[in-house]
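# Report on the structure
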Amino acid sequence: AYPFGDRLAAGQAHFAGPGKGGFAGKTCPVATHTPNPWGLYDLCGNVQEWCHDWYDEYYYQDAVRDDPAGPAYGNLRVVRGGCWAMPAG
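Below, the structure is looked at part by part. Starting from 1, residues in each chain are numbered consecutively following that chain's sequence as written. Local features are withheld for residues below a pLDDT of 70 in this predicted model, meaning they are given only at 70 or higher, and side-chain atom pairs are given and counted only at 80 or more; totals for whole chains, interfaces and linings count all residues. Water and hydrogen atoms were dropped before computing side-chain values, which therefore reflect all heavy atoms in the structure.

### With respect to a nonpolar patch on the surface
A cluster of nonpolar side chains, contributed by Trp38, Leu40 and Leu43, occupies part of the molecular surface with about 380 Å² of accessible area. Topologically, Leu43 is positioned in the segment before strand S1 (49-54). Excluding any residue in a salt bridge, patches collect residues exceeding 30% relative accessible area, merging like charges within 9 Å and nonpolar Val, Leu, Ile, Met, Phe, Trp and Tyr side chains within 5 Å. Residue burial considers only the protein chains on display, and all accessible areas are found by Shrake-Rupley using a 1.4 Å probe. We define a salt bridge as a side-chain nitrogen of Lys or Arg found within 4 Å of a carboxyl oxygen belonging to Asp or Glu. Elements are defined by DSSP. Helices are runs of H or I of four residues or more, strands are runs of E of two residues or more, and each kind is numbered from the N terminus.

### Let's talk about the pattern of salt bridges
Two side chains of opposite charge can pair, provided their charged atoms sit close to one another. With the rule as written, the count across this model stands at one salt bridge. Notably, a salt bridge pairs Asp53 with Arg80, separated by 3.5 Å at the nearest N-O pair. On the criterion of sequence distance, the pair formed by Asp53 in strand S1 and Arg80 in strand S2 (residues 77-80) is long-range, its members being 27 residues apart.

### Re the state of the cysteines
Here, two cysteine sulfur atoms that lie within 2.5 Å of each other are counted as a disulfide. As enumerated under the stated definition, the model contains zero disulfides in all. Cys51 takes part in no disulfide bond, and the closest cysteine sulfur, belonging to Cys83, lies 14 Å away. Here the term buried applies to any residue with accessible area under 20% of the maximum for its type, exposed to any over 50%, and partly exposed to those in between, with areas from a 1.4 Å probe on protein chains only. With a relative accessible area of 8%, Cys51 lands in the buried category. Unpaired in terms of disulfides, Cys83 finds its nearest cysteine sulfur in Cys28, a separation of 11 Å. For Cys83, a relative accessible area of 13% translates into the label buried.

### Description of the packing of aromatic side chains
Think of it this way: a Phe, Tyr or Trp ring, Trp meaning its six-membered ring, pairs with another when their centres are within 6.5 Å, and the plane angle makes it stacked under 30 degrees, edge-to-face over 60, tilted otherwise. In total, this model carries one aromatic pair according to the counting rule given. Taking 5.1 Å as the distance between ring centres and 85 degrees as the angle between the ring planes, the aromatic pair formed by Tyr59 and Tyr60 counts as edge-to-face. We classify Tyr60 as exposed; its relative accessible area is 52%. Directly above the aromatic system of Trp54 lies the positively charged group of Arg77, at a separation of 3.6 Å from the ring centroid. In our convention, an over-ring charge means Lys NZ or Arg CZ found within 6 Å of a ring centre and within 35 degrees of that ring's normal.

These values are about where atoms sit, not about what they do.
Okay, here's the thing in structure tokens:
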């Protein structure tokens with residue numbers, strides 16, 4: 001579920017909850033938290049990513065499995081990840 005496994009602890013990402021490390025109510029600097037087993041930082045928490053992709057609730061049910069292009073049009077854009085104001089779940 002997460003880059004660290006099935007659970008996410010406070011020291012692994014910046015999200016709403018205990019262990020905010022002095023960054024309650026705001027973003028934190030990059031690499032403040034522990035990297036994942038591959039040495040990558042900040043794959044979840046801190047800020048959400050607003051993507052150029054169009055949102056379609058059912059797109060991936062019939063999409064090609066390898067490198068799907070996403071819907072060609074839509075009304076809403078995709079937002080990925082979580083942020084400092086959201087719980088880890």
